[in-house]
Amino acid sequence: MAMRYRTGISIASNLCKNSTALRQSANISSLKSAAKVKWSYAHGASLKPLVNTTLGVVLEETTEKTPDREVFVFSEEDTRITYNALITQADQIAASFLELGLKHGDRVGVWATNVSEWVLTQYACARGGYILVNINPAFKEDELHFTLEKVKVKALVAGMDFKGLDHYSMLNNLIPELASSQPGLLECKSLPSLKAIIMMTGKDSSIQQPGTLSVKELLNIGTTKQLAQIYDLQNKIQFDDPVNIQFTSGTTGQPKATVLSHHNLVNNATFLMKILTEDHEESTIVCCPPPLFHGFGSTCSSICTVVTGSTCVFPSALFNAGKTLKAVHDERCVYLHGTPTMFIDMLNHEDRTKYDLTSLRSGLMGASPCPVEISREVADKLHMPDLIIGYGLTEASPCITINPITAEFEKRVTSCGIVFPHTEVMVVDSAGKVLPRGERGEICLRGHNVMLEYWDDPERTDKAISPQGWLSTGDLGSMDDEGFVYIVGRKKDMIIRGGENIFPTEIENLIYEHPAIEEIQVVGVPDTRMGEQVCACIKLKQGHTVTGDEIKKLCKDRLADFKVPRYVLFMEEYPMTLSGKVQKFKLTEEAARMLKLDHIKSHMLMK
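Here's what I pulled together on the structure shown here. Quick caveat: nothing in here was measured; it's all calculated off a predicted structure. (Residues numbered from 1 in each chain as written. Predicted model: local features only at pLDDT ≥ 70, side-chain atom pairs only at ≥ 80, totals over all residues. Heavy atoms only, no water.)

## Description of the pattern of salt bridges
Opposite charge on two side chains lets them pair, provided their charged atoms get close.
Here's step 1: Scanning the model with the defined rule gives 29 salt bridges in all.
Here's step 2: The shortest N-O distance in the salt bridge between K326 and D330 comes to 2.6 Å. Of this pair, K326 and D330 both sit in helix α11 (residues 321–331), four residues apart, which is roughly one turn of the helix.
Here's step 3: Classification of K326 by relative accessible area gives partly exposed; the value is 40%.
Here's step 4: Note that D480 and K411 form a salt bridge whose closest N and O atoms lie 2.8 Å from each other. Pair noted here: D480 is in the loop between β23 (471–479) and β24 (485–490) and K411 is in helix α14 (residues 409–414), with a separation of 69 residues, a long-range link.
Here's step 5: Here K411 falls in the buried class, since its relative accessible area comes to 14%.
Here's step 6: The structure contains a network of salt bridges with shared partners spanning E60, D91 and R127. (Salt bridge = Lys/Arg side-chain N within 4 Å of Asp/Glu carboxyl O. Helix = DSSP H or I, 4+ residues; strand = E, 2+ residues; numbered from the N terminus. Buried < 20%, exposed > 50% of the residue type's maximum accessible area, 1.4 Å probe, protein only.)

Pasting the structure below:
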């Protein structure tokens, strides 16, 4: 037994020695491997702390500093609003909502274009503790009903019309009880939560629609006592309280109601303006053609203006390239915001050279992939050398990454920038594991900008936000060694051809280099053998021509064969959202019909 024991010790000792040697060898090897791996994770560290206040208090503090400065200019309606006028009218409207029976946390919908009464309602909600609900003015009756019922809107502030749509007539169709109801005391069977319809009448206060109030009337309904309640509320509203609901685009299924807090929006706007203005404290003048119902307009323009005591110019109720250029000229704007499509329209406008745009220095381009060639043209022809490209998401309030002005120009126009302050970003594979730098995967973020929830939708909220607080964006991209992020497209827009993953943005950026191209969108169309084929949908510049074969050769010379478009279509226009985004799912369907492929079912058409 003793011998066996000693032998066992000897064997164990040898095993330990061998194991230690192997482990040491493995450790050295793994350490060498680990040293080479740099993970696709970055933290937007900042020496400046987050702001712990509400939007209503921010407006009050800014007004105390600059009461007579103009905060909003609505060029088309010839309306100019000072900070003092904004807070005075916002408080009156907030007090009137109290008189109508609204209370803290109730939802107020705004269904209109870029008009002055939109921002009055926005800040009335912030001051009164109500939750502003942004509603696309292009919504038809069914879409409007879904929106109002989903979040239980109690008061709706509506524009008179939109592109030939009579909003009041649509409301009458949706709410048969409206015309015979007493204003502010609506009883609707199909929308039991809705109690008041307020119509925007612009400068014509004589307009009175049966069953409704006007925004002008809201400036007089609230009592002195209720106004005092609004003042008192400023010390009671919490910065984590919800202040805004923005609906996602709803390209598949019903749109989701994204709930955003004061903390989300105030901090996102504050740090965006610090980056845009290079942390200078002085106020500036921003031109905003994007719609207010979208985060680009309501946060990156309206709220950004208020947090810095600046002035925001809205050129027109709906985007118009000529009116935007004129507004920049007339108001001497320093910053110009827009989507790539908006900038393309301004670049190609026949009167562009008639306007003096030399006051421009910078601006923000975002909301959809930004073609490199267009970015270069904007910087040069629109006098925006400090152009910044950012990447965001409704659920992220909206900014996720942003290009610092200090970055070299090529970096600014080819990437979406570095991680936003006080935000974490990582790129993960399909299993949710962090990828090495340079590899493509899904973008995820965590931080102050992540939404509170999807309204009354815990299942989709839990699917979007992990237990660790990471928000899955549904966007595909990569992170380079310097931490700059590159977006290649939406997961649902990725083309899968015979098992090969193809990212439309890569092909679009290449085709944009051709001088005849005004705009290009690449989609996947169904194919019985490969599943999908690449289709390039092209808009040509006026007076220019190019053939499909020339486009294919351009791609074949620079891209792998499987990425070369099988089809090239020339189009006059694309299906667009009001916020200036191309509706790729509709474009895909249209391309399939044009190519007589719509009878083929593929996963692309079901994304």
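## A short note on the nonpolar core
Here's step 1: The biggest cluster of nonpolar side chains holds 95 residues, and the ones touching the most others in it are F72, F97, W118, Y123, I198 and L272.
Here's step 2: With residues up to four places along the chain from it excluded, the contact list for L272 reads C300, C304, L364, C399, I402 and F420.
Here's step 3: Residues M346, V378, I517 and A536 belong to the second largest nonpolar core, which totals 46 residues. (Core = buried A, V, L, I, M, F, W, Y, C linked by side-chain atoms within 4.5 Å. Contact = heavy atoms within 4.5 Å.)

## Some details on a nonpolar patch on the surface
Here's step 1: Together, V37, W39, Y41 and V434 make up an exposed nonpolar region whose accessible area comes to about 330 Å².
Here's step 2: As for its position among the elements, W39 is in the loop between α1 (2–36) and β1 (41–43). (Patch = residues over 30% accessible without salt bridge, like charges linked within 9 Å, V, L, I, M, F, W, Y side chains within 5 Å. Areas by Shrake-Rupley, 256 points an atom, 1.4 Å probe, with all protein chains shown as cover.)

## Quick word on the sheet that holds strand β13 (residues 285–287)
Here's step 1: Spatially, β3-β2-β14-β13-β15 is the arrangement adopted by the five strands of the open sheet, whose pairing is mixed. Each of the sheet's edge strands pairs with one partner strand only, and the pair in question is β3 (79–82) and β15 (335–336).
Here's step 2: Across four bridges, the pairing between strand β2 (residues 70–74) and β3 is antiparallel. Bridge pairing in β3 links F74 to T79.
Here's step 3: Packed onto the sheet, α11 meets β2, β3, β13, β14 (311–314) and β15 and runs at close to 170° relative to β13. (Pairing = 2+ DSSP bridges. Axes fitted to C-alpha atoms, helices over the stretch in contact; angles between N-to-C directions.)

None of the figures reported here should be taken as evidence of function without further support.
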